[in-house]
Structures are given as C-alpha cells and as structure tokens.
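# Notes for the structure review
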Amino acid sequence: MTTVISSKPQENSAKNLASVSLPSWLEHKLGNWLANKLTKFIESQIPANARLLDMVSSFQQGQCLYVVAKLKVADCLVDSPKHIQTLAEELKVQADPLARIMRYLCELGIFGQDHLGRYTLTQVSELLVSYHPQSLRPVVLLYNEETYNVWANLLHTVKTGENTFTSTYNTPFFKYHSLYSDFADIYNQSMASLSILLDQAVAEDYDFSVYRTLADIGGGQGNLLRQIAERYSSLQCILFDTQAVLTAEVKEQWQQDPMDNRVKLQIGDFFQSVPTGVDAYLLKNVIHNWPDEQVVQIYKTIHQAMKPQSRLLLAETVIFDHDAMQRMKLKLDLNMMVIHSSKERTVKQHSELLETAGLKIVKIVPTRSHLSVIEAKPMNSY
Ligand SMILES: C[S@@+](CC[C@H](N)C(=O)[O-])C[C@H]1O[C@@H](n2cnc3c(N)ncnc32)[C@H](O)[C@@H]1O
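Everything numeric in this text was worked out from a predicted model, so none of it was measured.

## Notes on the nonpolar core
Ranked by size, the top nonpolar core spans 35 residues in total, and within it Val68, Val73, Leu87, Met102 and Phe111 carry the most contacts. Residue-level mapping places this core at the junction of two domains, with at least three residues from each of domain 1 (54-129) and domain 2 (187-378). Counting residues in hydrophobic clusters, the runner-up holds 30 residues, among them Leu283, Ile302, Leu312 and Ala357.

## A closer look at the domain arrangement of the protein
When the domains of the protein are assigned, the result is domain 1 (54-129) and domain 2 (187-378). Look at where the C-alpha atoms of domain 1 and domain 2 centre, and you get two points 36 Å apart.

## Considerations on the site of the ligand
Lining the immediate surroundings of the ligand are 18 residues, of which Gly218, Asp241, Asp269, Phe270 and Lys284 lie closest. A distance of 2.6 Å is found between an oxygen atom of the ligand and a side-chain nitrogen or oxygen belonging to Lys284. Here the ligand, which alone exposes 590 Å², has 93% of that area covered by the protein. Among the elements that make up the shell around the ligand, the one with the highest residue count is helix α14 (residues 181-205) (3 residues). Residues belonging to the shell around the ligand are distributed by class as follows: 7 nonpolar, 8 polar and 3 charged.

## Focus: a negative patch on the surface
On the surface, Asp182, Asp185, Glu249 and Glu252 cluster together to form a negatively charged patch. Elements with a minimum of two residues in the negative patch: α14 and α16 (248-255).

## Observations regarding unusual backbone geometry
Of note, Lys92 is a non-glycine position whose phi angle comes to about 55°, a positive value. Tracing the backbone shows Lys92 in the loop between α6 (84-91) and α7 (95-107). One non-glycine residue, Asn170, lies in the positive phi region at around 55°. Mapped onto the elements of the fold, Asn170 is located in the loop between α12 (164-169) and α13 (173-179). Residue class for Asn170 comes out exposed when judged on its relative accessible area of 70%.

## Description of a nonpolar patch on the surface
Judged by side-chain polarity, Trp33, Leu34, Leu38, Phe41, Ile42 and Ile46 come together as a nonpolar surface patch covering roughly 630 Å² of accessible area. In this structure, Leu34 sits in helix α2 (residues 24-44).

## Examining α6
Residues that lie three or four places apart on an α-helix share one face, since the helix turns once every 3.6 residues. Looking at α6, one finds that the buried residues are Ile84, Leu87, Ala88 and Leu91. Within α6, the buried residues cover an arc of 95° as seen down the axis, which keeps them to one side. Here the buried face of α6 lies against α4 (59-71), α5 (73-76), α7 and β3 (119-121).

## So, the state of the cysteines
Enumeration over the complete set of coordinates arrives at 0 disulfides. As a non-bridged cysteine, Cys64 has Cys106 as the owner of its nearest cysteine sulfur, 12 Å distant. Taking the relative accessible area as the measure of exposure, Cys64 reaches 14% and is therefore buried.

## Notes on the packing of α4 against helix α9 (residues 137-144)
In contact at an axis separation of 9 Å, α4 and α9 are set at 125° when each is read in the N-to-C sense. Classified by the interaxial angle, the pair formed by α4 and α9 is oblique. Crossing of α4 over α9 shows left-handed handedness. Contacts between α4 and α9 involve Gly62, Gln63, Leu65, Tyr66, Ala69 and Lys70 from the former and Arg137, Val140, Leu141 and Asn144 from the latter.

## Quick word on the pairing of strand β8 (residues 311-319)
Along β8, 9 of the 9 residues are buried, which leaves the element largely enclosed by surrounding structure. Each parallel crossover has a hand, and the one from strand β7 (residues 280-284) via helix α17 (residues 292-305) to β8 is right-handed. Inspection of the sheet shows β8 paired to strand β11 (residues 371-378) by 6 bridges, in the antiparallel sense. Across the sheet, the residue bridging to Leu314 is Ile374, located in β11. Sheet analysis places β8 next to strand β9 (residues 345-346), joined by 2 bridges and oriented parallel. Looking at the pairing, Ile319 lines up with Thr346 of β9.

## Section: the packing of aromatic side chains
A complete count under the given rule lists 19 aromatic pairs for this structure. When the ring of Phe165 is compared with that of Tyr169, the centres are 5.1 Å apart and the planes differ by 35°; the resulting orientation is tilted. Taken together, the positions of Phe165 and Tyr169, both in helix α12 and 4 residues apart, correspond to about one turn of that helix. Consider the rings of Phe174 and Trp290, whose centres lie 5.4 Å apart with planes at 20°: the pair is stacked. Placement of Phe174 in helix α13 and of Trp290 in the loop between β7 and α17 is noted, with a sequence separation of 116 residues between them. We classify Phe174 as partly exposed; its relative accessible area is 28%. Classification of Trp290 by relative accessible area gives buried; the value is 17%. What links up through ring pairs into an aromatic cluster is the set Phe165, Tyr169, Phe173, Phe174, Tyr176, Tyr180, Phe183, Tyr187, Phe270, Phe271 and Trp290.

## Comments concerning the pairing of strand β6 (residues 263-267)
Bridge count for strand β5 (residues 236-241) against β6 is 5 bridges, and the pairing is parallel. What sits directly across from Ile238, in β6, is Lys264. Read from β5 through α16 to β6, the crossover connection turns out right-handed.

Basis of the calculations
- Residues numbered from 1 in each chain as written.
- Predicted model: local features only at pLDDT ≥ 70, side-chain atom pairs only at ≥ 80, totals over all residues.
- Heavy atoms only, no water.
- Core = buried A, V, L, I, M, F, W, Y, C linked by side-chain atoms within 4.5 Å.
- Buried < 20%, exposed > 50% of the residue type's maximum accessible area, 1.4 Å probe, protein only.
- Domains from an automatic or database assignment.
- Near = heavy atom within 4 Å.
- Polar contact = N/O pair within 3.5 Å; in protein donor to acceptor, adjacent residues only side chain to side chain.
- Areas by Shrake-Rupley, 256 points an atom, 1.4 Å probe, with all protein chains shown as cover.
- Helix = DSSP H or I, 4+ residues; strand = E, 2+ residues; numbered from the N terminus.
- Nonpolar A, V, L, I, M, F, W, Y, C, P; charged D, E, K, R; others polar.
- Patch = residues over 30% accessible without salt bridge, like charges linked within 9 Å, V, L, I, M, F, W, Y side chains within 5 Å.
- Salt bridge = Lys/Arg side-chain N within 4 Å of Asp/Glu carboxyl O.
- Lys, Arg positive; Asp, Glu negative; His and termini not counted.
- Charge placed at Lys NZ, Arg CZ, Asp CG, Glu CD.
- Arc of directions from axis to C-beta.
- Contact = heavy atoms within 4.5 Å.
- Disulfide = S-S within 2.5 Å.
- Axes fitted to C-alpha atoms, helices over the stretch in contact; angles between N-to-C directions.
- Parallel < 35°, antiparallel > 145°, perpendicular 65-115°, else oblique.
- Left-handed = near helix turned anticlockwise from the far one by under 90°.
- Right-handed = clockwise from strand over helix to strand, strands pointing away.
- Pairing = 2+ DSSP bridges.
- Phe/Tyr/Trp six-rings, centres within 6.5 Å; stacked < 30°, edge-to-face > 60°.

Right under this line is the structure:
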C-alpha cells in the first residue's frame with residue numbers, strides 16, 4: 001500500500017514544540033487551502049456574466065505582460081521612475097500604445113506610478129527585470145511566443161488527440177528545442193527560474209541523507225542538484241541531460257562552481273542508457289513531459305541501470321482528490337496535453353506505469369510546493 005508521509009523528522013523538536021511550528025509542507029498546504037476557499041467565496045459573489053467575460057479575455061493580460069517583458073520596460077525603471085515619453089524614447093516605441101498598456105498594468109498592480117505620474121516598479125514587476133536572480137521574464141516570453149501559438153490550436157488536440165506543438169511547428173517539442181538555440185535558451189532559463197522555489201522544496205523536504213550517490217536524470221542545468229549537493233556534503237552526484245542543455249557554457253559554469261568536484265556532468269539520452277549502479281535516480285518534472293509509452297521506456301532504461309537497493313525518485317505533480325492546488329495542477333495538465341501529448345498523473349496512474357517497468361512505489365513524500373516526491377524501487381528487491 002502507498003503511504004503519504006513526511007520524510008524528515010523535525011530537528012530540535014523541543015524548540016519546535018515551543019514555537020508550535022508545523023512542517024513547512026503542512027504550512028504550505030494549509031495556506032493553499034485557505035487561499036482556495038477565499039478565492040471560491042469571492043468568485044461566488046461576482047455575477048456569472050462578469051466572471052465569464054473576465055475569463056474569456058484573460059489572454060489580454062498575458063499579451064500586455066509579454067510586450068513589457070519583451071521590451072524590458074522593467075529594466076528601464078530599475079534606477080529611477082520614468083515618464084512615459086522618456087520610456088518610449090529609450091525603448092524606441094510609440095508613447096500612446098505603451099501608455100495605455102502601462103495604465104492597465106498599473107491597475108493590475110504590476111507597475112506603480114509616483115506623485116509626478118512617473119512609472120515605478122512594484123514587487124511583481126521587479127520579477128520582470130531581466131537580471132533579477134528570480135526573474136520570470138523568460139517564462140513570460142516562453143508562454144507568449146511558442147506556447148501561445150500552440151494554444152491557439154487547442155481545438156486540433158481535441159479533434160485529433162494529437163498535441164498541437166508538433167502540428168504548429170512541424171517538429172516535436174524536444175526536437176525543436178535541440179534545433180533552435182534561441183528557443184532552447186528561453187526554455188532552459190524558464191525551467192531554471194520556475195524551479196527556484198520547487199528545488200528548495202524538494203531539496204529540503206525529502207531526506208537524501210541515506211544515499212551516497214545521486215543522478216539527476218533530465219536535470220536541466222543542475223539547479224536542484226546544486227541545492228541537494230550543498231545540503232548533503234558527502235553526496236556524489238551526476239547531472240545527466242542532453243547536448244542542447246549541457247552546453248559548453250554550462251560546463252564552464254560548473255567548472256567554476258565549488259560543488260564541481262562532487263557533480264559530474266554527463267550528456268546522454270534517457271531512452272538509450274543512464275549511469276549504472278547509482279543509489280538514487282532523480283527525475284524532476286521530466287515524466288510529465290512524456291506520453292505513457294515513453295514513460296515506461298524511460299523507467300525501463302533506469303531500471304536496467306539500478307542496483308537492487310537503488311531508488312527511483314520522481315519529483316512530480318501528483319493529482320489528488322480535493323487538492324487546494326487543483327486548478328494550477330489541471331492547468332499544467334492541459335499544457336502537457338497541448339505541447340507534449342502527455343499529462344499530470346494521479347497516484348494510480350503513476351503506480352501503473354512504474355509497475356509496467358517492474359518498479360513499485362514505496363512512499364510519497366509531500367513538499368511545501370505543488371510537487372511530491374514519489375519514491376520507488378525495483379519489485380522483488382529489499
Ligand atoms: C521540463 S525539463 C526539467 C528539467 C529539470 N529536471 C527541472 O526540473 O528544472 C525536462 C528536461 O528533460 C531533458 N530531456 C528531454 N529529453 C531527454 C532525453 N532524451 N535524455 C535526457 N534528457 C532529456 C530536457 O533537456 C530537460 O532538461
């Protein structure tokens with residue numbers, strides 16, 4: 001039977017008892033539950049026609065955010081507030097359309113205005129600054145370029161059952177990623193910035209102390225691996241991904257990283273082979289990119305490389321009933337359908353795919369993010 005448990009015993013329990021602190025994953029779940037209830041209450045007070053009209057036009061918000069992100073408006077406001085004329089001249093665009101977009105985004109709380117009418121940054125638009133350490137600018141670009149075009153063909157998926165990325169761009173997503181380096185840059189940066197909070201949640205809420213070796217398969221540029229390696233000082237790690245991700249530039253960055261002696265980079269294809277005999281194989285946000293058949297193939301490749309006592313760790317979205325983060329998870333699921341012909345999965349769906357590849361779930365560890373860590377092992381192992 002699958003159990004849902006918290007992985008880490010609370011350190012310093014006396015101190016925690018005194019301050020009555022909850023595990024961070026539970027605090028996170030309670031916060032989401034409350035926010036969800038409040039949102040639903042507020043929505044129930046809005047007339048149905050107003051709600052529907054607001055929803056159907058919500059793409060306009062995305063497009064306005066896209067324009068300001070593409071133009072790097074936020075970068076221009078870092079040093080000082082600016083009047084619209086100054087902004088338009090610096091950015092070499094028309095003042096009137098930009099002013100109307102900025103007026104709308106101010107109303108949404110994205111930008112502010114000072115008493116002289118000059119535009120200022122808010123906590124939200126600070127995250128659009130291109131060099132902010134947690135910048136979401138690449139995500140805004142990713143969502144409003146290829147992803148936006150693909151979503152415009154959603155009906156195609158419903159009629160044919162195919163994803164619309166392949167038909168819109170005549171190329172499957174990861175092939176496109178390997179062909180177009182500009183797109184790969186935006187995608188890789190987006191994954192890195194989306195991952196900042198998720199990586200911290202996985203690194204802190206799952207207990208990696210029982211492993212001596214860890215391979216992050218499809219690990220991107222290694223942000224999660226760096227966080228885990230920093231926390232577990234004797235862990236030897238392998239960062240495994242494709243050539244399009246582990247570029248010469250990424251390798252060079254790792255060579256200058258203090259963790260470099262414990263993190264080895266390996267280029268490869270998880271449909272062919274992965275490093276053998278590692279204690280833990282981690283896959284974060286990888287499985288949801290693939291249809292069932294390919295997922296089983298990936299699991300079989302990893303299973304072949306595992307020792308009997310190895311573990312497979314899936315840091316993934318798990319769809320549970322009555323989940324306060326359900327809206328977000330179901331939206332992610334649709335993105336997977338439209339782009340990759342894949343899905344976010346329930347425990348039963350995860351379990352069935354693992355079993356087809358000769359693996360079984362040991363436990364599911366919640367984290368303070370929407371991700372859970374599914375720990376699996378080879379069937380018939382100890
Ligand atoms: C959604 S990203 C997740 C990256 C990272 N794990 C994270 O959470 O930020 C999926 C990753 O799988 C990698 N990938 C796709 N196909 C692969 C393959 N055949 N072999 C190895 N890695 C692959 C991609 O390059 C990408 O880095």
